[in-house]
Amino acid sequence: MPAALVRAFNASTLWGLEWKENQRDFKVHRPFGVSFICSHANAVKQIVKCRGAPGMSEAMPTSVGGLVMNPLGKPMLPSEQKVYDVVLKQAAMVNDVKQQKGINVLDVKPEIVSPSTIELLNEAYERCGEVCAEYAKTFYLGTLLMTPDRRKAIWAIYVWCRRTDELVDGPNASHITPLALDRWEQRLEDLFLGRPYDMLDAALSDTVLKYPVDIQPFRDMIEGMRMDLRKSRYKNFNELYLYCYYVAGTVGLMSVPIMGIAPESKATTESVYNAALALGIANQLTNILRDVGEDACRGRIYLPQDELAQFGLSDEDIFAGKVTDRWRAFMKDQIKRARMFFDEAEKGVTELDKASRWPVWASLILYRQILDAIEANDYDNFTKRAFVGKVKKFLSLPIAYTQAFVQPVVTSKFARAS
Ligand SMILES: CC(C)=CCC/C(C)=C/CC/C(C)=C/CC/C(C)=C/[C@@H]1[C@@H](COP(=O)(O)OP(=O)(O)O)[C@]1(C)CC/C=C(\C)CC/C=C(\C)CCC=C(C)C
Ligand SMILES: [Mn+2]
């Protein structure tokens, strides 16, 4: 348990727990600044009491025997706690504005721009759509199921993410220095202030003006790229989780304000953000498992080193690229974990605005099938690239539709087997 601070609080009720430096007592924060010091046992009682209150999310971390547990029922890793703080801040921001203004902040703000600007912006959005279609057919397919306004906003976010990733993965990657990433971050700050540098930035600048999108996940994605520049090994899942948050969990947080939360949803805002975060993490873990061979060719191993060792595997085995029983057993474990994050994400999709559920289900089901494809390749992710064929892709659309609009009778297992 970190000495400084363990927080397991619900931002909407403002109940909180602080682990005191003496490692014995907790400070319990209550709404309106009333707080008190109490023993560990009492603090656990308090937090259990607070979680039992109506409207509390099941996705919230719980405290068991002094350990903060994650939604998967495992003790929370330090990086999970750090990321969870971001989720709470994102959700608290939305809740604050909602309370102050008494409006649904996830509604689109009206456009107040001249016709010529609208024309230029439309062109910029069109270009973003073309880039998305060119680089990511599956995501593009998902965006076609969205309302036109949301589709444009997601294209703009997609393009910014893709350009950010290209800085460290693209053809000029070998020339990219931390300074270049600092400049990219300055450009980001500028576009959030309404000062876009180019057309594609202008589309995002317009999007963040219209939707309540916070800058923090964007900054964090750049941080992920910095991490990619300085690191090619991950000691354990704690380190890998943080990387996955930076480069992919952030996409989930960026997308929620666009997708919108259903006005009739009873879930807490943070539980929806948490599910979106889980979808990003699940996607990235899947990406990593699909690309083991490709990444190894670039000298990169995005797998927890301690878990590899537990299965008697080392870097040399990855570079040798032989599918052995040890490798299969290791992969089974990794796939199981990725699926747990997909399952966690599922809980949040139903809470999204009705019009957004279909595309999100579609992308979830499609991405999850890559894990099935790795299994079908007998875990050979060294020489074979797992992919979902066109027929399966199109068959996923009605399944996603059923999940989104009909009573959700299709379970994750059924969707996987399709
Ligand atoms: C409540 C709830 C479940 C809400 C849904 C929230 C939501 C829409 C989440 C989306 C999560 C998502 C799509 C994450 C993307 C993860 C990802 C693929 C990250 C990639 C990182 C780096 O990986 P790597 O370098 O190993 O991979 P490549 O070989 O380079 O591909 C990224 C490349 C970072 C950049 C991410 C993107 C370019 C994708 C951004 C996608 C969107 C904005 C589209 C989201 C749209 C739909 C329809 C889900
Ligand atoms: Mn990449």
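This one's a predicted model, so the numbers in the text were calculated from it and none came from an experiment.

Reading the values: the criteria
Residues numbered from 1 in each chain as written. Chains lettered and ligands numbered in written order. Predicted model: local features only at pLDDT ≥ 70, side-chain atom pairs only at ≥ 80, totals over all residues. Helix = DSSP H or I, 4+ residues; strand = E, 2+ residues; numbered from the N terminus. Buried ≥ 20, exposed ≤ 12 C-beta atoms within 10 Å, placed from the backbone. Contact = placed C-beta atoms within 7 Å. UniProt positions renumbered as here; feature names shortened; annotations may be inferred. Near = placed C-beta within 6 Å. Nonpolar A, V, L, I, M, F, W, Y, C, P; charged D, E, K, R; others polar. Expected span 1.5 Å × (residues − 1). Arc of directions from axis to C-beta. Core = buried A, V, L, I, M, F, W, Y, C linked by C-beta atoms within 7 Å. Axes fitted to C-alpha atoms, helices over the stretch in contact; angles between N-to-C directions. Parallel < 35°, antiparallel > 145°, perpendicular 65-115°, else oblique. Left-handed = near helix turned anticlockwise from the far one by under 90°. pLDDT = per-residue confidence, 0-100.

Digging into the overall build of the protein chain
- Secondary structure assignment for the protein chain yields 17 helices and 7 strands.
- Within the span of the protein chain, comprising 418 residues, buried residues form 40% of the whole.
- Counted over contacts in the protein chain with a minimum sequence separation of 6, partners at least 24 positions apart contribute 66%.

Quick word on the UniProt feature "transmembrane region" (unreviewed entry) in the protein chain
- Under the UniProt annotation, the feature "transmembrane region" (unreviewed entry) is placed at residues 240-262.
- End-to-end, the C-alpha atoms of residues 240-262 are 32 Å apart, and along that stretch the chain is 87% helix and 0% strand.

What to know about the site of ligand 1
- Contacts to ligand 1 come from 32 residues, most closely from Gly142, Ala248, Val251, Ser255 and Gly348.
- Put simply, the parts of the chain that give the shell around ligand 1 at least two residues each are helix H4 (137-144), helix H5 (148-169), helix H9 (237-259), helix H10 (269-290), helix H14 (325-349) and helix H15 (354-376).
- Residue contributions to the shell around ligand 1 peak at 8 residues, all from H10.
- Its residues assigned to classes, the shell around ligand 1 comprises 19 nonpolar, 10 polar and 3 charged.

Section: unusual backbone geometry
- Positive phi outside glycine occurs at Asp378, with the angle close to 55°.
- Among the structural elements, Asp378 can be located in the loop between H15 and helix H16 (390-405).
- At Tyr379, a position not held by glycine, the phi torsion is positive, near 65°.
- Relative to the elements of secondary structure, Tyr379 occurs in the loop between H15 and H16.

Structural notes on helix H8 (residues 216-230)
- With 15 residues, H8 should reach 21 Å at 1.5 Å per residue; the first-to-last C-alpha distance of 21 Å fits that figure.
- By the burial criterion, the buried members of H8 are Pro217, Phe218, Met221, Ile222, Gly224, Met225 and Asp228. Each buried residue of H8 lies within a common arc of 150° when the element is viewed along its axis, so the set occupies one face.
- Of the surrounding elements, those touching the buried residues of H8 are H5, helix H6 (178-192) and H9.

As for the environment of Leu303
- Structurally, Leu303 can be placed in strand E7 (residues 301-304).
- Judged by the 23 C-beta atoms lying within 10 Å of it, Leu303 is buried.
- In this structure the C-alpha to C-alpha distance between Leu303 and Leu285, which are 18 residues apart in sequence, comes to 9.2 Å.

Describing the nonpolar core
- Among the nonpolar cores identified, the biggest contains 95 residues, and Cys128 and Ala156 are the most heavily contacted of them.
- By residue number, the principal contributor to this core is H9, which donates 16 residues.
- Not counting residues within four places of it along the chain, the set of residues in contact with Cys128 comprises Trp155, Ala156, Tyr158, Val159, Leu200 and Ala203.

Let's talk about the packing of H14 against H15
- Where H14 contacts H15, the axes come no closer than 11 Å and their chain directions differ by 170°. The orientation of H14 relative to H15 falls into the category roughly antiparallel. Only Arg357, Val360, Trp361, Leu364, Arg368, Leu371, Ile374 and Glu375 of H15 make contact with H14, whose side of the interface consists of Met331, Ile335, Ala338, Arg339, Phe342, Ala345, Glu346 and Val349.
- Taken together, the residues of the contact of H14 with H15 break down into 11 nonpolar, no polar and 5 charged.

Re the packing of H5 against helix H7 (residues 199-210)
- It is at 9 Å that the axes of H5 and H7 come closest, and there the two elements cross at 130°. With respect to H7, the axis of H5 lies oblique. Here H5 and H7 pass one another in a crossing that is left-handed. In contact with Ala153, Ala156, Ile157, Val159 and Trp160 of H5, H7 contributes Leu200, Ala203, Leu204 and Thr207.

Describing the confidence of the model for the protein chain
- Summarising the model, the protein chain shows a mean pLDDT of 84, and 78% of its residues fall at 70 or more.
- Long-range and interchain partners of residues 409-418, a stretch whose pLDDT sits below 50, account for 14 contacts in this model, where long-range means more than four residues apart.
- Scored as a whole, the predicted complex attains pTM 0.83, and scored at its interfaces, ipTM 0.97.

Things to note about the environment of Tyr125
- When you line up the elements, Tyr125 lands in helix H3 (residues 115-135).
- A tally of 25 C-beta atoms within 10 Å means that Tyr125 is categorised as buried.
- Spatially, the C-alpha atoms of Tyr125 and Gln310 are 48 Å apart, while their sequence positions differ by 185 residues.
- Setting aside its immediate chain neighbours within four residues, Tyr125 contacts Lys152, Trp155, Ala156 and Ala203.

As for the environment of Asn287
- Considering the arrangement of structural elements, one finds Asn287 in helix H10.
- Classification of Asn287 as partly exposed rests on a count of 17 C-beta atoms within 10 Å.
- For Asn287 and Val68, which are 219 residues apart along the polypeptide, the C-alpha to C-alpha distance reads 28 Å.

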